[in-house]
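Residue strings, one per chain:
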Amino acid sequence: MTNSGVTNNQKTTSNSYQKKEWASAYKNVENELANVELKLSKGKVPKELFGTLYRNGPGQLERGGKWVHHPFDGDGMITAISFNNSKVIFSNKFVRTKAWKEEQEAGEFIYRGVFGTQKKGGAIKNAFDLRLKNIANTNVIKLGDELLALWEAASPYSLDPENLETKGLSNLRGILRDGEAFSAHPRFDPGHHNSPRMVTFGVNTGPKSTIRLMEFATQGKKGGTLISDRKDTFNGFAFLHDFAITPNWSIFLQNAIDFNPIPFIFGFRGAAQCLKSKPNELSKFWLIPRDSGRFSGEQPRIFDAPIGFVFHHINAWELGKKIFVESIYYDDFPTINPNEDFREINFNSIPEGRLKRCEINLDEGIVKVEELSKQCCEFGMVNPDRQGLHAKYAWMATATQEEGNGPLQMIKKLDLTNGTKCFWNSGQHCFVNEPTMIPNPNTSDEDDGWVFVIIWDGQREVNELAILKAKDLELEAKLELPIKIPYGLHGNWVRS
Ligand code: CO
């Protein structure tokens, strides 16, 4: 039975997927295309859509017969899908990072990857090579005139927003020191302090961790200008992939995790494979006041957070003295050990992400936690106009079964206030990427708009862009992509 493209408003239909079809998405991107018009395979493209969906993700997974150990080590490849009067134009290009160019020339990996990819020659050849390979593969954002490919441990690469050509490493007009870390998870404040901003951070970690919190103007001639900048130092090692904002706070979750660099230094493991969770130890919330908020200039506040590991937050908001933070929790830090092949992973052996809401009481210093759903999920977002404010709805990618781990095959819309949900199942042979919710510019209804999602059809071996109605996840259009793209990481819609 196939159940391709089914919207189910009540409950999950479990897919019997084949791991081979899931894994077949992992291959090198072989072409770079410019301005190819996409053909509709189903439905109609909404005529209200004007703008570009930019996405980033690993595009180079193998060189000279050697595979990356983890797809997160693959070099960044940007796709741009532009909408203009129902016409849809596709382009894609690798980010010309220093390492990508050198490895293209060499025809093999000459750098180690953070997630365990090794150079040829075993530990002896890898030991003491502690260079960071900036692969610019995690997110792509527009800031002022610049299109930036982001990777959290180093500075961004600047790209031409029209033709995706790499201009080079960017220090954002002198704001960043050479090579300074710049998060891949900026948050776009829709106007908590009058005009919209981009809030982001860089972290320098060790026995103590220093967070640099930066706020940028995003509109008009001032777009890209730094308007606020502060640094705070905390005790302990921090692995901070994402954060959340409210009008008054930037919220970081310091996972209870330790870094033992010895196996990395001696060439046995990648740096991220040396992260070990501290079982039964609480994480911490680090709340840093935003400069335009009520607590501007005050010291950060620190609270105990629940046990578990978080990569991604969905949203945060304030209600009086309370702050609510919705995040995807794993029981433990998911890792792929040195002797495992990521294409063969056993979903049942790794923890799944589950959506939880923490309530922080600023006065009483307590944190309460509530599980919003048991269903395995990742890549969640609220309507971007509700970022940092109370949002009723979230959209996310989920596995098809109601509990336990599995590949992401569905898009789910969840009412965060009462748990009502609806699904779009991409089909038993299909697997989804991060969904992007795009509000309808003509209304202010929170769930009026579209959800874009790139799917991999493992039976036909093609990628398609599905456009769903945000309200009920009904399929509105499908367009086939002219190239094959491995599962990606993050992206953004840029209105034109
Ligand atoms: Co991320």
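If you're wondering where the values come from, they're calculated on a predicted model, not measured in any experiment.

S.K.: Explanation requested: the overall build of the protein chain in the structure shown.
M.R.: Scanning the protein chain for helices and strands turns up 4 helices and 36 strands. Over its C-alpha trace the protein chain gives a radius of gyration of 21 Å, about what one expects of a compact globule, namely 23 Å for 496 residues. With the C-alpha coordinates aligned to their principal axes, the bounding extent of the protein chain is approximately 60 × 55 × 50 Å. Relative to its 496 residues, the protein chain shows a buried fraction of 59%. Side chains of the protein chain carry 60 positive and 61 negative charges; the gap between the two charge centres is 1 Å.

S.K.: What is the right way to look at the side chain of His70 in this model?
M.R.: Counting through the fold element by element, His70 comes out in the loop between strand S6 (66-67) and strand S7 (75-84). If we ignore the near neighbours within four places in the chain, the residues touching His70 are Phe115, Thr117, Ile336 and Phe342.

S.K.: What should I look at first to understand the nonpolar core in this one?
M.R.: As a rule of thumb, nonpolar side chains are buried together in soluble globular proteins. Ile81, Phe83, Phe452, Leu465, Ile467 and Leu481 are the most contacted members of the largest nonpolar core, which has 24 residues in total. The set of elements that each furnish at least two residues to this core consists of S7, strand S8 (87-94), strand S33 (449-457), strand S34 (462-469) and strand S35 (475-480). In this view, Ile467 contacts Pro46, Phe83, Trp450, Val451, Phe452, Glu474, Leu475, Glu476, Ala477 and Leu479; residues no more than four positions away in its chain are not counted. Formed by 21 residues, the second largest nonpolar core is a distinct cluster that contains Phe239, Phe311, Val382 and Ala394.

S.K.: Explanation requested: the coordination of the cobalt ion in the structure shown.
M.R.: Put simply, the ideal angle at a metal is 109.5 degrees for four donors in tetrahedral geometry and 90 or 180 degrees for six donors in octahedral geometry. Protein-derived ligands of the cobalt ion are His185 (NE2), His241 (NE2), His312 (NE2) and His490 (NE2), with the metal-ligand distances lying across 2.0 to 2.1 Å. With 4 donor atoms in place around the cobalt ion and angles of 92 to 155° between them, the coordination shape is irregular. Each donor residue of the cobalt ion lies on the same chain, and together they follow the pattern H-x55-H-x70-H-x177-H. On the criterion of sequence distance, the pair formed by His312 in strand S23 (residues 309-319) and His490 in the loop between S35 and strand S36 (491-495) is long-range, its members being 178 residues apart.

S.K.: What should I look at first to understand the environment of Met410 in this one?
M.R.: Tracing the chain through its elements places Met410 in strand S29 (residues 410-415). Separated by 10 residues in the primary sequence, Met410 and Thr400 have C-alpha atoms spaced 6.3 Å apart.

S.K.: So what exactly am I meant to see when it comes to the packing of aromatic side chains here?
M.R.: In total, this model carries 26 aromatic pairs according to the counting rule given. On the basis of an interplanar angle of 85° and a centroid distance of 5.1 Å, the ring pair of Phe72 and Phe115 is categorised as edge-to-face. Of the two residues, Phe72 is situated in the loop between S6 and S7 and Phe115 in the loop between helix H2 (98-106) and helix H3 (122-126); the sequence distance between them amounts to 43 residues. Judged by relative accessible area, Phe115 falls into the buried class, the value being 18%. Judged by centre distance (4.7 Å) and plane angle (15°), the ring pair of Trp317 and Phe324 falls under stacked. The structure contains a cluster of three or more aromatic residues connected by ring pairs, namely Tyr17, Trp22, Tyr26, Phe342, Phe347 and Tyr487.

S.K.: How should I be thinking about the sheet that holds strand S18 (residues 249-254) in this particular structure?
M.R.: In a beta sheet, neighbouring strands pair by backbone hydrogen bonds and run either parallel or antiparallel. In space, the 4 strands of this open sheet follow the order S17-S18-S21-S22, with antiparallel pairing throughout. This sheet does not close on itself; its edge strands, each paired only once, are strand S17 (244-245) and strand S22 (301-305). Pairing analysis gives 2 bridges linking S17 to S18, with the strands arranged antiparallel. Paired with Ile245 across the two strands is Ser250, which belongs to S18.

S.K.: Any chance you could explain the environment of Asp129 here in plain terms?
M.R.: Inspection of the secondary structure assignment puts Asp129 in the loop between H3 and strand S9 (139-143). Each C-alpha atom of the pair Asp129 and Ile89 lies 42 Å from the other, and the pair is 40 residues apart in sequence.

S.K.: Would you explain the sheet that holds S9 in this entry?
M.R.: Spatial ordering of the open sheet is given by S9-S10-S11-S12, a layout of 4 strands whose pairing is antiparallel. One side of each edge strand has no neighbouring strand; the edge strands of this open sheet are S9 and strand S12 (166-169). Going across the sheet, the axis of each strand differs from the next one's by a mean of 30°, ignoring polarity. Where strand S11 (residues 157-159) lies against S12, 3 bridges are found, and the strand directions are antiparallel.

S.K.: How do you make sense of H2 when you look at a structure like this?
M.R.: For H2, the set of buried residues is Ala99, Trp100 and Glu103. Looking straight down H2, one finds its buried side chains confined to an arc of 100°; they lie on one side. Exposed residues pointing more than 90 degrees away from the buried face of H2 are listed as Lys98 and Glu105. In the core, the buried residues of H2 are packed alongside strand S4 (51-60), strand S5 (62-63), S7 and S8. Just beyond H2, the residue with positive phi is Gly107, at close to 70°.

What counts, and at which threshold
- Residues numbered from 1 in each chain as written.
- Predicted model: local features only at pLDDT ≥ 70, side-chain atom pairs only at ≥ 80, totals over all residues.
- Heavy atoms only, no water.
- Helix = DSSP H or I, 4+ residues; strand = E, 2+ residues; numbered from the N terminus.
- Rg over C-alpha atoms; globule rule 2.2 N^0.38 Å.
- Buried < 20%, exposed > 50% of the residue type's maximum accessible area, 1.4 Å probe, protein only.
- Lys, Arg positive; Asp, Glu negative; His and termini not counted.
- Charge placed at Lys NZ, Arg CZ, Asp CG, Glu CD.
- Contact = heavy atoms within 4.5 Å.
- Core = buried A, V, L, I, M, F, W, Y, C linked by side-chain atoms within 4.5 Å.
- Donors = N, O, S within 2.8 Å, 3.2 Å for Na, K, Ca; no water.
- Tetrahedral: all angles 85-135°; square planar, octahedral: opposite > 155°, others 65-115°.
- Phe/Tyr/Trp six-rings, centres within 6.5 Å; stacked < 30°, edge-to-face > 60°.
- Pairing = 2+ DSSP bridges.
- Axes fitted to C-alpha atoms, helices over the stretch in contact; angles between N-to-C directions.
- Arc of directions from axis to C-beta.

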